[in-house]
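# Residue-level structural notes
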Amino acid sequence: MAKRKVIIVTDGDNIAREAVEEAAKNIGGRCISKTAGNPTPISGKEIVEHIKKTPYDPVILMVDDKGHQGMGFGEEAMNYIINHPDIFVMGVVAVASNTNHIRGIKVGHSIDKKGKLVKGAVDKFGKKKRDKIIKGDTVDILNDIKVPVVLGIGDPGKMDGYDSILIGSPILTKAMLEIIRRNDLMEAVKNPRDRN
């Protein structure tokens, strides 16, 4: 059985959920809205069960620690999913926030609020930072587990209106497409709107 292809977004509040749902439609993916919540409301095991029931890939899900220092619900779920033998996590959209007292995660690239692929990190407003560290409450575990792509982004659905769902959440959409591109799977989303 082929592994299910998954993209994880490290935010789960209501605005992020709407943005993730919109971006998932844009790329022809399937969003598991039950993973939304602050913090993540269901376990990694339950999320994997939902992933296996979705009709096609990529499957988009959310994890959120609600500012918890150390390993919270979101990171526990993410750890389980990434290490599950039936799941291939193509990449993680690492969301920046104002969380303090965390390590953060070093990223090679981010999508800024103007939709540009930039080297290094951005802040929660999608503005490029001087360093490469994304500071977010659900990203520290990515220092200890490996995924093919970790891409930084500001606050989904926000970023001074540049990622508003009213305009189709273009920044988050671009981040997901970049993860797919780096996995050489662009053909799978060639005509995403054709899917039912």
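Up top is the structure these notes are about.
None of the values given here were measured: they were computed from a predicted structure. (Residues numbered from 1 in each chain as written. Predicted model: local features only at pLDDT ≥ 70, side-chain atom pairs only at ≥ 80, totals over all residues. Heavy atoms only, no water.)

Before going further, it helps to examine the packing of helix H1 (residues 14–27) against helix H4 (residues 170–182). Contact geometry of H1 with H4 gives a least axis separation of 9 Å together with a crossing angle of 50°. Looking at the two axes, H1 sits oblique to H4. Handedness of the H1/H4 crossing: right-handed. Taken together, the residues of H4 that come into contact with H1 (itself represented by Ala19, Val20, Ala23, Ala24, Asn26 and Ile27) are Leu172, Thr173, Met176, Leu177 and Ile180. Taken together, the residues of the contact of H1 with H4 break down into 9 nonpolar, 2 polar and no charged. (Axes fitted to C-alpha atoms, helices over the stretch in contact; angles between N-to-C directions. Helix = DSSP H or I, 4+ residues; strand = E, 2+ residues; numbered from the N terminus. Parallel < 35°, antiparallel > 145°, perpendicular 65-115°, else oblique. Left-handed = near helix turned anticlockwise from the far one by under 90°. Contact = heavy atoms within 4.5 Å. Nonpolar A, V, L, I, M, F, W, Y, C, P; charged D, E, K, R; others polar.)

In this model, asparagine 38 is joined to proline 39 through a cis peptide bond whose omega is 10°. As for its placement among the helices and strands, proline 39 is situated in the loop between strand S2 (30–31) and helix H2 (44–53). Of note, the amide linkage connecting aspartate 57 to proline 58 takes the cis form, showing an omega dihedral of -5°. Here proline 58 shows up in the loop between H2 and strand S3 (59–62). Unusually for a residue other than glycine, methionine 159 sits at a positive phi of about 55°. With respect to the helices, strands and loops of the structure, methionine 159 is situated in the loop between strand S9 (150–153) and H4. Here the phi dihedral of serine 169 falls at roughly 45°; this positive angle occurs in a residue that is not glycine. Considering the arrangement of structural elements, one finds serine 169 in the loop between S9 and H4.

Turning our eyes to something else, we now look at the environment of isoleucine 81. Here isoleucine 81 is to be found in helix H3 (residues 73–82). Assessed through its relative accessible area of 0%, isoleucine 81 is described here as buried. In the structure, isoleucine 81 is positioned 34 residues away from isoleucine 47 in sequence and 7.7 Å away in space, judged by C-alpha atoms. Every residue in contact with isoleucine 81, bar those within four places of it in the chain, is listed here: Ile8, Gly44, Ile47, Val48, Ile51, Leu61, Ile87 and Val89. (Buried < 20%, exposed > 50% of the residue type's maximum accessible area, 1.4 Å probe, protein only.)

Side chains Val59 and Leu61 project from S3 onto one buried face, and the interleaved Ile60 and Met62 project onto a second face that is buried too. In terms of strand pairing, strand S1 (residues 4–9) meets S3 through 4 bridges, oriented parallel. If you follow valine 6 over to S3, its bridge partner there is valine 59. Both S2 and S3 contribute to a ladder of 2 bridges, which runs parallel. From the neighbouring strand, arginine 30 faces S3, where its bridge partner is valine 59. Since S2 and S3 lie parallel, the crossover through H2 that links them has a hand, and here it is right-handed. (Pairing = 2+ DSSP bridges. Right-handed = clockwise from strand over helix to strand, strands pointing away.)

Residues Lys106, Lys119, Lys128 and Lys132 make up a contiguous surface patch of positive charge. Within the element layout of this structure, lysine 119 appears in strand S7 (residues 117–119). (Patch = residues over 30% accessible without salt bridge, like charges linked within 9 Å, V, L, I, M, F, W, Y side chains within 5 Å. Areas by Shrake-Rupley, 256 points an atom, 1.4 Å probe, with all protein chains shown as cover. Salt bridge = Lys/Arg side-chain N within 4 Å of Asp/Glu carboxyl O. Lys, Arg positive; Asp, Glu negative; His and termini not counted. Charge placed at Lys NZ, Arg CZ, Asp CG, Glu CD.)

Side chains that are nonpolar tend, in soluble globular proteins, to be buried together. Membership of the largest hydrophobic core comes to 30 residues, with the highest contact counts inside it found for Ile8, Ile51, Ile81 and Val89. Counting only elements with at least two residues in this core, the list comes to S1, H2, S3, H3 and strand S4 (87–95). The residues contacting isoleucine 51, other than those within four sequence positions of it, are Arg4, Val6, Ile32, Val59, Leu61, Ile81 and Ile87. Judged by nonpolar contacts, the second largest core, of 24 residues, contains Ile7, Ile153, Leu172 and Met176. (Core = buried A, V, L, I, M, F, W, Y, C linked by side-chain atoms within 4.5 Å.)

So, on to H3. Inspection of H3 places Gly74, Glu75, Ala77, Met78, Ile81 and Ile82 among the buried residues, and these make up the whole buried set. Buried residues of H3 fall within an arc of 160° about the axis and therefore sit on the same side. Buried residues in H3 make contact with S1, H2, S3 and S4. (Arc of directions from axis to C-beta.)

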